[in-house]
Amino acid sequence: MNLERTLILVKPDGVRRNLVGQVISRIEAKGYAIVALKMMHADRQLLAAHYAEHEGKVFFEPLIEFMQSGPIVALIAEGNRVIEGFRKLAGTTDPTTAEPGTIRGDLARDQGTKVVQNLVHGSDSPESAEREIAIFFSELSEVKGN
Ligand code: IDP
Ligand code: MG
């Protein structure tokens with residue numbers, strides 16, 4: 001067993017296009033469990049922490065702005081090898097070349113924008129998952145006072 005948790009986001013384009021249900025359906029149909037879920041409006045500070053690895057890249061500012069352009073849905077999915085499994089379900093970053101059958105390959109395309117709008121985020125490693133879950137679901141890891 002390699003039971004893992006991963007952070008998944010439905011980005012603002014996914015919420016705007018009413019694709020939240022389809023994304024969740026694909027996660028559930030694959031057999032992963034959704035163990036936490038919320039709709040929220042992410043602020044700059046949270047997004048800068050989440051995307052810290054991309055600071056300084058040309059698409060960083062457009063990415064942070066885009067991610068604040070509307071509500072997002074954040075969820076934690078759990079299952080054996082779910083980190084790798086959801087990345088496969090999502091497809092590659094560029095939706096133009098993402099394989100048909102994947103979320104990005106079936107439902108997204110290049111809109112010619114500065115930042116690629118590709119509907120979903122999924123953690124890329126156990127370390128990223130732990131870090132990102134702590135950022136988006138800090139209420140789950142807060143140490144309870146006595
Ligand atoms: P990932 O979401 O597939 O893990 P990352 O490389 O972590 O891709 O990039 C984070 C997000 O930044 C992507 O999902 C996409 O929205 C955007 N992005 C990544 N690379 C580019 C690029 O070269 N041009 C425009 N936007 C990009
Ligand atoms: Mg990434």
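Predicted model, so just to flag it, every value in this text is computed and none were measured.

(A) Broad picture of helix 2 (residues 20–30). What helix 2 keeps buried is the set Val20, Val23, Ile24 and Ile27. For helix 2, the angular spread of the buried residues around the axis is 95°, confining them to a single face. In the stretch just after helix 2, glycine 31 is the one whose phi turns positive, near 110°.

(B) Up close: the pairing of strand 1 (residues 3–10). Across the eight residues of strand 1, six count as buried, placing the element largely inside the fold. In the sheet, strand 1 pairs with strand 3 (residues 72–80) via eight bridges, with the strands oriented antiparallel. Residue leucine 7 lies in a different strand from strand 3, and its bridge partner there is isoleucine 76. Of the pairings in the sheet, the one linking strand 1 to strand 4 (residues 120–122) comprises three bridges and is antiparallel in character. Bridged to leucine 9 within strand 4 is histidine 121.

(C) Spotlight on the site of ligand 1. With respect to spatial proximity, the complete set of residues near ligand 1 consists of Lys11, Tyr51, His54, Phe59, Leu63, Arg87, Thr93, Arg104, Lys114, Val115, Val116 and Asn118. One of the side-chain N or O atoms of lysine 11 is found 2.9 Å from an oxygen atom in ligand 1. Contact distances for ligand 1 include 2.6 Å between an oxygen atom and a side-chain N or O atom of threonine 93. Considered on its own, ligand 1 offers 530 Å² of accessible surface; in the complex 77% of this is hidden by protein. In the shell around ligand 1, the residues fall into five nonpolar, three polar and four charged.

Rules used in this analysis
- Residues numbered from 1 in each chain as written.
- Chains lettered and ligands numbered in written order.
- Predicted model: local features only at pLDDT ≥ 70, side-chain atom pairs only at ≥ 80, totals over all residues.
- Heavy atoms only, no water.
- Buried < 20%, exposed > 50% of the residue type's maximum accessible area, 1.4 Å probe, protein only.
- Helix = DSSP H or I, 4+ residues; strand = E, 2+ residues; numbered from the N terminus.
- Arc of directions from axis to C-beta.
- Pairing = 2+ DSSP bridges.
- Near = heavy atom within 4 Å.
- Polar contact = N/O pair within 3.5 Å; in protein donor to acceptor, adjacent residues only side chain to side chain.
- Areas by Shrake-Rupley, 256 points an atom, 1.4 Å probe, with all protein chains shown as cover.
- Nonpolar A, V, L, I, M, F, W, Y, C, P; charged D, E, K, R; others polar.

It is worth stressing that arrangement in space is one thing and function is another; only the former is reported here.
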